[in-house]
Amino acid sequence: MKIENEEEYYELVVPSPTLEDVSGPNISGQYNDIRSFSKVKVCKPILPLDAEGNYVELDDATYNNFTEKDDEITNELQAALDEGKDLVLCPGIFFLTKTLSVKFPNQVILGLGLSTLIAPPDGSPCIRVQPNVAGVRIGGITLEASLQLDGTKANKTNKSTGNSDGVRSLIDVGIPGVEDPGDPQNPVLLADIFARVGGSNLVRQKVETDAMVRIHSGNVVGDNLWLWRADHVRLEDGEPANDRNFPYYHQTRIWETDQDGNKVKVNEHYVENALVVNGNNVKMYGLFCEHTVGHQMVWNGENGTVIFFQCELPYDVYLDFAEDRYVGYYVDCNVKAHTGRALGVYSNFQSFDVIAPLGMKVPGDASIESPFTRFLQNKGGIANVIEHGGEKYGDAVPTGDTKYSIAWVGVRPSEAPV
């Protein structure tokens, strides 16, 4: 945003896609779309005040209570989108009672100060970009899972989530099963998107989703996405830490061991996948996927590209994580073309001695550059770095003093372009 003149006339500056090869941002302004704030909805969340009118923290006791005011703000945001306006969200937390639906090409949802959107409590996503709507820009926001009404894992036959397949999520681009090739000249952009399942909410067992980000449309670009299942969360007042190595936090657990040594499933902050890509020609630059209890990333679309991938496997899973052969970076075996550069998967199994079979699994035609795994600390490890076309590469970690393993240096297949 900028102030146009002394009268403080605000404008929203939206950079257009740069289609030729570039290095770094283009600051000339020649590609900018300048929009009047008359077409922008600026929205402030509910900010609690004390008796003296000072801003205070949200009350933990009512954090999960959606109110009529939350419904009113949600409706205001949707009404602005329905009018074709862009949204600028002020810093703070927005408790959404329904999904924000983006229906017009080139609309913008911009968060200031990493505005936080809490997902509706029925499992619906915070935002859905409708199919065949090109050029949408969403950036500078945090997406947070809510306390779910049903309370346990999603019932796949329950369509109340608002997603047609009944799978819960925090943001969807497109709709499952609806064809949308996207526009290569005007892609949808997700920039500086942070998603979390757990962390700020004191409730643990019912704050969950199935996937954080799902992309069904083609020609979508992601730039700096950090998708995090909380490995540690706040302690309640007076609550002792459950791990003496971390006295100031509660370490999140899928499984706990009780005082009699029995394994008990507690399912804290359940989420299966960080990112699921079904669309073709999707590109990710700076993708961080952490601690989900299934595959961290699932890629089903053709001609996908990931440049820089950082992943930590979950700390708290049981041996069945390895038996189910979950990995950090998974590309479906039917995919014919995929490119990955600078891919790293780490392990830090704290609860059980899990030996994950692989860090990554991709089909033989995928072009992958210098993949590696690293053992951080604690138990278990990763048996091989990558399975590429059915062949396994990279030594196990840890092995003695070896804490990291590189499958190969450079690009494979060797004939693939750098």
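The structure under discussion appears in the preceding block.
This structure is a prediction, so every number in the text was calculated from the model and none was measured. (Residues numbered from 1 in each chain as written. Predicted model: local features only at pLDDT ≥ 70, side-chain atom pairs only at ≥ 80, totals over all residues. Heavy atoms only, no water.)

A short note on the environment of Ile386
Part 1 of the reasoning: When you line up the elements, Ile386 lands in strand 28 (residues 381–388).
Part 2 of the reasoning: For the pair Ile386 and Leu89, spaced 297 residues apart in sequence, the C-alpha separation works out to 41 Å.
Part 3 of the reasoning: Aside from chain neighbours lying at most four places away, what touches Ile386 is Leu358, Met360, Val362, Ile368, Pro371, Glu391, Lys392, Tyr393, Ala407 and Trp408. (Helix = DSSP H or I, 4+ residues; strand = E, 2+ residues; numbered from the N terminus. Contact = heavy atoms within 4.5 Å.)

Concerning unusual backbone geometry
A negative phi angle characterises most non-glycine residues, just as the trans form characterises most peptide bonds.
Part 1 of the reasoning: Along the chain, Val397 connects to Pro398 via a cis peptide bond; the corresponding omega equals 0°.
Part 2 of the reasoning: The residue Pro398 is located in the loop between strand 29 (391–393) and strand 30 (404–406) in this model.
Part 3 of the reasoning: Even without being a glycine, Asn267 presents a positive backbone phi close to 55°.
Part 4 of the reasoning: Mapped onto the secondary structure, Asn267 falls in the loop between strand 18 (263–265) and strand 19 (273–277).

Examining the sheet that holds strand 25 (residues 355–362)
Part 1 of the reasoning: Strand order in the open sheet formed by ten strands is 7-9-11-13-19-21-23-25-28-29, with mixed pairing between adjacent strands. The two strands at the open ends of the sheet, each matched to only one other strand, are strand 7 (100–102) and strand 29. The mean inter-strand angle of the sheet, taken between neighbouring strand axes irrespective of direction, is 20°.
Part 2 of the reasoning: Bridge analysis of strand 13 (residues 211–215) against strand 19 gives four bridges, and the strand direction is parallel. Note that in strand 19 the partner of Val213 across the bridge is Leu275. (Pairing = 2+ DSSP bridges. Axes fitted to C-alpha atoms, helices over the stretch in contact; angles between N-to-C directions.)

Concerning the side chain of Ser115
Part 1 of the reasoning: Secondary-structure assignment places Ser115 in strand 8 (residues 108–118).
Part 2 of the reasoning: Setting aside chain neighbours within four positions, we find Ser115 in contact with Leu89, Cys90, Pro91, Gly92, Phe94, Gly140, Ile141 and Thr142.

With respect to the side chain of Asn186
Part 1 of the reasoning: Looking at the element boundaries, Asn186 is found in the loop between strand 11 (169–173) and strand 12 (188–197).
Part 2 of the reasoning: The buried category is assigned to Asn186, whose relative accessible area is 18%.
Part 3 of the reasoning: At 2.8 Å, the side chain of Asn186 forms a polar contact with the side chain of Asn106.
Part 4 of the reasoning: Once you skip the residues sitting within four places of it in the chain, Asn186 turns out to touch Pro17, Asn106, Ala134 and Gly135. (Buried < 20%, exposed > 50% of the residue type's maximum accessible area, 1.4 Å probe, protein only. Polar contact = N/O pair within 3.5 Å; in protein donor to acceptor, adjacent residues only side chain to side chain.)

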